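The residues making up each chain are set out below.
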Amino acid sequence: MRPSLRTSIVILMSAIGVIGANSLLLSPLVAAVGRDLGASPAEVMRAASAYGLGVAAAALLLAPLGDRFGAGRLLRAALLLLGAGLGASAAAPGVWGLMAAQAVCGLAGGAALPSIYTLAAAIAPKGRESRTLGAVLTGWTVSLVLGVSASAWAADLAGWRAVYAALAGGTLLLWALSARLGHSGQAGGQATSPLTALRVPGITRGLLATALLMLGFYATYFFTGAHVTLTLNLSTAQAGLLPLFYGTGFGLAVLADPLLDRLGPGRAAAPVLLLVAAVYLLMMAAGGRYPLLLGAAVAWGVFQHLALNLLVARLTALDPAQRGAIMGLYSTVTYVCVFAAPFAGGLLFALWGLAGCLAFSALLALGGAAEALGLRRQPGAEATSAPV
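Not measured: the values here are computed from a predicted model.

A.B. asks: For this particular structure, what's the right way to read the overall build of the chain?
C.D. replies: The number of helices and strands found in the chain is 16 helices and 0 strands. For 388 residues, the compact-globule formula gives about 21 Å, and the C-alpha radius of gyration of the chain, at 20 Å, lands near that figure. Reported as C-alpha extents along the three principal axes, the dimensions of the chain are approximately 50 × 45 × 40 Å. Counting across all 388 residues of the chain, residues that qualify as buried make up 55%. Carbon and sulfur atoms provide 70% of the accessible area of the chain, an area that totals close to 15300 Å². Charged side chains of the chain number 21 positive and 10 negative; the gap between the two group centres comes to 6 Å.

What follows is the structure in structure tokens.
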């Protein structure tokens, strides 16, 4: 792998890490932020809702600008905006100021994530698309480790404002390092929009696959902590280990990404989604034993990574001229699932505990596998299957 490609991958991976860390940060810091700002936990978490709304709005309205002006330029502008939003979060005088700052971070994240996925597809050498995308996706592992563990530890030492300030500084450093990426990504001068992207052949099924995968993931993920603390009567720290083990599996899966380059989404998607469903069933069996649940979480991370890699590769291959708009739709569907999952998962958890959430997630994964059986006939389905 040439040095310039490695550098680009590290920058894109780190950008995902910063965005993901910010999205996960408020949960472990809610008590400290609430004490400092004189707000209740519910009021503090409204800032997370403001972030989600900002992401959804930007994914629809700003992401298509990458098709017109270039994904690299849009990413650099989004990094500047994210740095400003994180700095404003660190300096927020009250909860309303934090909400406004996080809404700005959401706008930046909603523009940046589709650009990152577009650039990963654009810079990948022929025949190494899945490997390149998989390396970029390990940024989510970085965000899980930094967002759940290291940031909470750092906040205890230096305060929550210092954590946001450090993230702001890191984001601005990434902006400075990403100068060459400003010329990457196709700048076709084409005005795209969600409406033009919705007319791309294969997009409807691609967004259906997105909804099945993401709703299944979040409907379980949001309630794993409650299961560990309320059902197994373990500590919050032990509950925090579960996303750490998941993130470890997610990162380890990069070793299997070359296999996806050989197979392509057309052959690999259905088997991988069947394995995702099998992992949910395994977690049902292991749910009463914490060590076994941690082991199953590693497998969960591995196969979720592979499924996400195949999904993003499938979507970015549909129409290279509209990648920004297409990935904007992907991000919008994802955050709709983030919004809907607590309602569906909460009802199931109240009735049957984590087993109900896992059964629902397994059913959605099976639905995704059934949809993927016809993927070979989709435009771009074998786009990543060139020989290595």
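Back to the text.
A.B. asks: Help me out: how do you make sense of unusual backbone geometry in this one?
C.D. replies: Note: most peptide bonds trans; most residues except glycine with negative phi. One non-glycine residue, asparagine 233, lies in positive phi territory at about 60°. In this fold, asparagine 233 is placed in the loop between helix H11 (224-231) and helix H12 (236-252). Judged by its relative accessible area of 63%, asparagine 233 falls in the exposed class.

A.B. asks: Hey, could you run me through empty space enclosed by the protein in this one?
C.D. replies: Rolled over the atoms, a probe as big as a water molecule pinpoints where empty space is left. Tallying each qualifying case throughout the model produces 1 cavity of 30 Å³ or more. Around the largest cavity, the lining comprises 17 residues; the ones closest to its centre are Ala209, Ala269, Leu273, Ala307 and Leu311. Here the lining of the largest cavity gets 5 residues from one element, more than from any other, and that element is helix H16 (residues 354-372). Across the lining of the largest cavity, the residue classes tally to 14 nonpolar, 1 polar and 2 charged.

A.B. asks: What am I meant to see in the packing of helix H13 (residues 257-286) against H16 here?
C.D. replies: Any two packed helices are characterised by how steeply their axes cross, that is the angle between the axes, and by the distance between the axes. Where H13 meets H16, the axes come as close as 8 Å, and the angle between the chain directions of the two elements is 170°. Considering the angle they form, H13 stands roughly antiparallel to H16. Between H13 and H16, the residues in contact are Ala269, Ala270, Leu273, Leu274, Val276, Ala277, Tyr280, Leu281, Met283 and Met284 and Ala355, Leu358, Ala359, Ser361, Ala362, Ala365, Leu366, Gly368, Ala369 and Ala372, respectively. For the contact of H13 with H16, the class distribution of residues is 18 nonpolar, 2 polar and no charged.

A.B. asks: In this structure, what is going on with the state of the cysteines? I would like to understand it.
C.D. replies: Note on terminology: disulfide describes a covalent bond linking the sulfur atoms of two cysteines. Scanning the entire structure with this criterion turns up 0 disulfides. Between cysteine 337, a cysteine without a disulfide, and cysteine 357, which holds the nearest cysteine sulfur, the sulfur-to-sulfur distance is 15 Å.

A.B. asks: Please explain H13 as it appears in this structure.
C.D. replies: In an α-helix, one full turn covers 3.6 residues, which means residues spaced three or four apart are oriented alike. For H13, with 30 residues, the first-to-last C-alpha span of 27 Å runs short of the 44 Å given by 1.5 Å per residue. The sharpest bend along H13 measures roughly 115° and falls at glycine 264, with the proline proline 265 sitting one to four residues further on.

A.B. asks: Looking at this structure, how should I read the packing of aromatic side chains?
C.D. replies: Centre-to-centre distance and the angle between the planes together describe a pair of aromatic rings. Tallying each qualifying case throughout the model produces 15 aromatic pairs. Between the aromatic rings of phenylalanine 217 and tyrosine 221, the centroid separation amounts to 5.1 Å while the plane-to-plane angle is 20°, which identifies the pairing as stacked. In this pair, phenylalanine 217 and tyrosine 221 are both assigned in helix H10 (residues 203-221), 4 residues apart and thus about one turn of the helix distant. The same class applies to phenylalanine 217 as to tyrosine 221, namely buried. Consider the rings of phenylalanine 217 and tyrosine 246, whose centres lie 5.4 Å apart with planes at 40°: the pair is tilted. A residue pair is termed long-range when its members are at least 10 positions apart, and phenylalanine 217 in helix H10 and tyrosine 246 in helix H12 qualify at 29 residues.

A.B. asks: How do you make sense of the environment of glycine 295 when you look at a structure like this?
C.D. replies: With respect to the helices and strands, the residue glycine 295 is situated in helix H14 (residues 290-316). A relative accessible area of 41% means that glycine 295 is categorised as partly exposed. Sequence separation of glycine 295 and leucine 12 is 283 residues, and the distance between their C-alpha atoms is 29 Å.

A.B. asks: I'm lost on the nonpolar core in this one. Help?
C.D. replies: Soluble globular proteins tend to bury their nonpolar side chains together. Residues Ile116, Tyr117, Tyr280 and Tyr330 are the most contacted members of the largest nonpolar core, which totals 123 residues. The element that contributes the greatest number of residues to this core is helix H1 (residues 3-37), accounting for 15 residues.

A.B. asks: Help me understand the environment of alanine 362 in this model?
C.D. replies: Note on placement: alanine 362 falls in helix H16. Using a relative accessible area of 4% as the deciding quantity, one classes alanine 362 as buried. Put simply, alanine 362 and phenylalanine 245 are 117 residues apart on the chain and 20 Å apart in space, counted from C-alpha to C-alpha. Non-local contacts of alanine 362, meaning those with residues more than four positions away in its chain, are made with Ala277, Tyr280 and Leu281.

A.B. asks: How should the pattern of salt bridges be read in this particular structure?
C.D. replies: Pairing of side chains with opposite charge becomes possible as their charged atoms draw close. Under the defined criterion, the tally for this structure stands at 4 salt bridges. The closest approach of N and O atoms between glutamate 371 and arginine 205, which form a salt bridge, is 2.8 Å. Placement of the pair is glutamate 371 in helix H16 and arginine 205 in helix H10, with a sequence separation of 166 residues. Accessibility expressed as a relative area gives 28% for arginine 205, which makes it partly exposed. Taken together, the shared-partner salt bridges connect Arg205, Arg314 and Glu371 into one network.

A.B. asks: Can you help me understand the side chain of serine 143 in this one?
C.D. replies: Along the chain, the position of serine 143 falls in helix H7 (residues 139-158). Polar side-chain contacts of serine 143 include one of 2.7 Å to the backbone oxygen of tryptophan 140.

A.B. asks: Looking at this structure, I do not really get the confidence of the model for the chain. What am I missing?
C.D. replies: Low-pLDDT stretches of the model should not have their predicted coordinates read in fine detail. For the chain, mean pLDDT is 86; residues scoring 70 or higher make up 93% of the total. Within the chain, H7 has the poorest average pLDDT of any element, 78, and H16 the best, 96. Below a pLDDT of 50 lies the segment residues 378-388, which in the model reaches 39 contacts outside its immediate sequence neighbourhood of four places, other chains included.

Parameters and conventions
Position labels on residues start from 1 in each chain and follow its written sequence. In keeping with the model being predicted, local features are shown solely for residues with a pLDDT of at least 70 and side-chain atom pairs are shown and tallied solely at 80 or more, while totals for entire chains, interfaces and linings include all residues. For the side-chain quantities, the full set of heavy atoms in the structure was used; hydrogens and water were omitted. Numbering of helices and strands starts at the N terminus; helices are DSSP runs of H or I of at least 4 residues and strands are runs of E of at least 2. Each radius of gyration reported is based on C-alpha atoms, and the globular scaling rule is 2.2 Å times the count of residues to the power 0.38. Accessible area is worked out with a 1.4 Å probe on protein chains only. A residue is then buried under 20% of its type maximum, exposed over 50%, and partly exposed in between. A 1.4 Å probe and the Shrake-Rupley method give the accessible areas. Residues count as covered only by the protein chains that appear here. As used throughout, the charge tally considers Lys and Arg to be positive and Asp and Glu to be negative, leaving His and the chain termini uncounted. In this description, the location of a charge corresponds to atom NZ of lysine, CZ of arginine, CG of aspartate or CD of glutamate. For cavity detection a 1 Å grid was placed over the protein atoms alone, and a set of points counts as a cavity when a 1.4 Å probe fits there but cannot get out; an open set counts as a pocket when protein lies on both sides within 12 Å along at least five of seven lines, with lining residues being those that have an atom within 4 Å of a point. Grid points are joined across faces, edges and corners, and a volume is the space filled by probe spheres set on the points. For this classification, the nonpolar set comprises Ala, Val, Leu, Ile, Met, Phe, Trp, Tyr, Cys and Pro, the charged set comprises Asp, Glu, Lys and Arg, and every other residue, Gly included, is treated as polar. Angles run from 0 to 180 degrees between N-to-C directions of axes, and those axes are lines fitted to C-alpha atoms, restricted for helices to the stretch in contact. Working definition: roughly parallel below 35 degrees, roughly antiparallel above 145 degrees, roughly perpendicular at 65 to 115 degrees, and oblique for all remaining angles. The contact rule is simple, with two residues in contact once any of their heavy atoms fall within 4.5 Å. The disulfide definition used here is simple: a pair of cysteine sulfur atoms within 2.5 Å. Each residue after the first adds 1.5 Å to the expected span of a helix. One axis is fitted to the seven residues ending at the residue and one to the seven starting there. The bend at that residue is the angle between these axes. The rule is short: rings of Phe, Tyr and Trp, with Trp giving its six-membered ring, pair when the centres are within 6.5 Å, and they are stacked under 30 degrees, edge-to-face over 60, tilted in between. Nine residue types can take part in a nonpolar core, namely buried Ala, Val, Leu, Ile, Met, Phe, Trp, Tyr and Cys, and a core is a set of them joined through side-chain atoms within 4.5 Å. Criterion for a salt bridge: a side-chain nitrogen of Lys or Arg within 4 Å of a carboxyl oxygen of Asp or Glu. Any N or O atom pair separated by 3.5 Å or less is treated as a polar contact, with the protein-specific requirement of one donor-capable and one acceptor-capable atom, and with residues adjacent in sequence counted only for side-chain atom pairs. As a per-residue measure, pLDDT reflects the predictor's confidence and takes values from 0 up to 100.

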